[in-house]
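# An overview of the molecular structure
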Amino acid sequence: MEAYAQRTKKRFGQHFLHDRGVITRMLDSLALQKTDRVVEIGPGSGALTLPLLQILPELHVVEIDRDVIAWWRSQTTLAGRLHIHAYDALKLDLSTLQDETHQALRIVGNLPYNISTPILFHLLSQAETIRDMLFMLQKEVVDRIIAEPDTKDYGRLSVMIQYYCDTNHVMDVGPGAFNPPPKVDSAVVYLRPWQKLPHAADHPEHFAQLVAKAFSQRRKTLRNTLKGMIQETQFKQLGIDPSRRAETLSVADFVNLANLSPTSN
Ligand code: SAH
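The shown structure was predicted, so the numbers you read here are calculated from the model rather than taken from an experiment. (Residues numbered from 1 in each chain as written. Predicted model: local features only at pLDDT ≥ 70, side-chain atom pairs only at ≥ 80, totals over all residues. Heavy atoms only, no water.)

A few words now on unusual backbone geometry. Backbone geometry follows two general trends: most residues other than glycine have a negative phi, and most peptide bonds adopt the trans configuration. A cis amide bond links Asn 179 with the next residue in sequence, Pro 180, at an omega value of -10°. Mapped onto the elements of the fold, Pro 180 is located in the loop between β8 (178-179) and β9 (186-193). A positive phi angle, close to 40°, is found at Ala 31, a residue other than glycine. Along the chain, Ala 31 turns up in the loop between α1 (20-30) and β2 (38-41). Of note in the backbone geometry, His 102 takes a positive phi value of approximately 60° without being a glycine. Relative to the helices and strands, His 102 is located in the loop between β4 (82-86) and β5 (105-110). By relative accessible area, which is 57% here, His 102 ends up exposed. (Helix = DSSP H or I, 4+ residues; strand = E, 2+ residues; numbered from the N terminus. Buried < 20%, exposed > 50% of the residue type's maximum accessible area, 1.4 Å probe, protein only.)

Now the structure itself:
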């Protein structure tokens, strides 16, 4: 099979992974079974795709770049095994990638860093179709995903992802593992949607709005940021001091606040 020969494109966040050690560890951490239904976001020139196809009889890939898509389509030896979805991952409806058994999907990818957060939110909105996810991301984003309350990295992203998923940091990866090397450090994170949410919001959208509002001004107190949403008596009811800041609250605290406060609809 001939190597992909086009130049990498900045606008698609293309940094192709070439470090064998990193690729092996990513695959090992997945412990794939042949029967798994796996979707790769952004296969690029195949750093993860080809090793995945050595284990899996079939693989689904979602790719936006016409040149990359055309090159994969020309790989006739993979016909019938590699299912190419020429699609924007931000618009992807995961249920269209499931078969009639509705087996939950395993999603992997070295994501385009410029849109990784919107992709994560888009996937979380379909968490019920996902078994687990393994992603290469900007390290700073992984630090925020796994952050605990009362740390500088803890924020909206931590609360929203941890609401839906169990999170695990797999490894840090330096710029030299990619071609061309990105300007930032990277890290691999493993996300597994909870089978049953540890703390369920009555209205998930309302919960998301409350979390966004609470963190909209990090330095301000909850009394200020949640004005109009949460009354003093409600803070008291939950034993949450309204002079605290959002970064001191656990996911459970946010869910409790959301479940107490009236929804706008
Ligand atoms: N997995 C490869 C490539 C990673 S680079 C490797 O590790 O080497 C990111 C990949 O995501 C590229 O293939 C890029 O074209 C693709 N991509 C960028 N934006 C996308 C989008 N919105 N939807 C789907 N794929 C996208």
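Attention now moves to the packing of aromatic side chains. Given two aromatic rings, one states the distance between the centres and the angle between the planes to describe the pair. Summed over all chains, the structure comprises seven aromatic pairs. Ring geometry for Trp 71 and Trp 72: centres 4.6 Å apart, planes at 65°, overall edge-to-face. As far as burial versus exposure is concerned, Trp 71 and Trp 72 are alike and both buried. Centre to centre, the rings of Tyr 163 and Tyr 164 are 4.8 Å apart; their planes meet at 90°, and the pair counts as edge-to-face. We classify Tyr 163 as buried; its relative accessible area is 2%. (Phe/Tyr/Trp six-rings, centres within 6.5 Å; stacked < 30°, edge-to-face > 60°.)

How large an interface is tends to be reported as the accessible area lost when its parts come together. The assigned domain composition of the protein is domain 1 (10-193) and domain 2 (204-260). Distance from the C-alpha centre of domain 1 to the C-alpha centre of domain 2: 32 Å. Taken residue by residue, the interface counts twelve residues in domain 1 and 15 residues in domain 2. In total, domain 1 and domain 2 occlude about 1000 Å² of area from one another, counting both sides; carbon and sulfur atoms represent 69% of this. (Domains from an automatic or database assignment. Contact = heavy atoms within 4.5 Å. Buried area = accessible area lost by both parts, 1.4 Å probe.)

This part takes up the sheet that holds β5. With respect to topology, seven strands assemble into an open sheet ordered β4-β3-β2-β5-β6-β9-β7, the strand pairing being mixed. Single-partner strands in this sheet number two, and they are β4 and β7 (165-173). Pairwise comparison of adjacent strand axes, ignoring direction, gives a mean angle of 20° for this sheet. Bridge count between β2 and β5: three bridges; the pairing is parallel. (Pairing = 2+ DSSP bridges. Axes fitted to C-alpha atoms, helices over the stretch in contact; angles between N-to-C directions.)

All right, on to the nonpolar core then. By size, the foremost hydrophobic cluster in this structure holds 53 residues, and its most contacted members are Ile 107, Phe 135, Phe 207 and Phe 254. Tallying contributions element by element places helix α6 (residues 156-164) first for this core, with six residues. A domain split of this core shows at least three residues from each of domain 1 (10-193) and domain 2 (204-260). One finds Tyr 4, Phe 16, Val 38 and Val 188 within the second-largest nonpolar core, a separate group that totals 32 residues. (Core = buried A, V, L, I, M, F, W, Y, C linked by side-chain atoms within 4.5 Å.)

Moving on to the pattern of salt bridges. If you walk through the whole model with that rule in mind, you get 13 salt bridges. Across the salt bridge formed by Lys 152 and Asp 153, the nearest N and O atoms sit 3.3 Å from each other. Bridged by salt links that share partners, the residues Asp 36, Arg 106, Arg 131 and Asp 132 form one connected network. (Salt bridge = Lys/Arg side-chain N within 4 Å of Asp/Glu carboxyl O.)

Next up on the list: the packing of helix α4 (residues 116-124) against α6. Two elements in contact, α4 and α6, have axes separated by 11 Å at closest approach and are oriented at 30°. In terms of their interaxial angle, α4 and α6 are classed as roughly parallel. When the axes of α4 and α6 are compared, the crossing they make is left-handed. Contacts between α4 and α6 involve Thr 117, Leu 120, Phe 121 and Leu 124 from the first element and Arg 156, Leu 157, Met 160, Ile 161 and Tyr 164 from the second. By residue class, the composition of the contact of α4 with α6 is seven nonpolar, one polar and one charged. (Parallel < 35°, antiparallel > 145°, perpendicular 65-115°, else oblique. Left-handed = near helix turned anticlockwise from the far one by under 90°. Nonpolar A, V, L, I, M, F, W, Y, C, P; charged D, E, K, R; others polar.)

Let's shift gears to the pairing of β4. Inspection of the sheet shows strand β3 (residues 59-63) paired to β4 by five bridges, in the parallel sense. Across the sheet, the residue bridging to Val 61 is Ile 84, located in β4. As a crossover connection, the stretch from β3 through helix α3 (residues 66-73) into β4 is right-handed. (Right-handed = clockwise from strand over helix to strand, strands pointing away.)

This part takes up the site of the ligand. Taken together, 21 residues surround the ligand, and among them Leu 17, Gly 42, Glu 63, Asp 88 and Asn 110 come closest. At 3.1 Å, a backbone N or O of Gly 44 approaches an oxygen atom of the ligand. In this structure, Ala 89 approaches the ligand through a main-chain N or O atom, which is 2.9 Å from a nitrogen atom. In isolation the ligand offers 580 Å² of accessible surface; the protein chains occlude 99% of this area. Of all elements in the fold, only β1 (16-17) and β3 reach the threshold of two or more residues within the shell around the ligand. Split by residue class, the shell around the ligand holds eleven nonpolar, six polar and four charged. (Near = heavy atom within 4 Å. Polar contact = N/O pair within 3.5 Å; in protein donor to acceptor, adjacent residues only side chain to side chain. Areas by Shrake-Rupley, 256 points an atom, 1.4 Å probe, with all protein chains shown as cover.)

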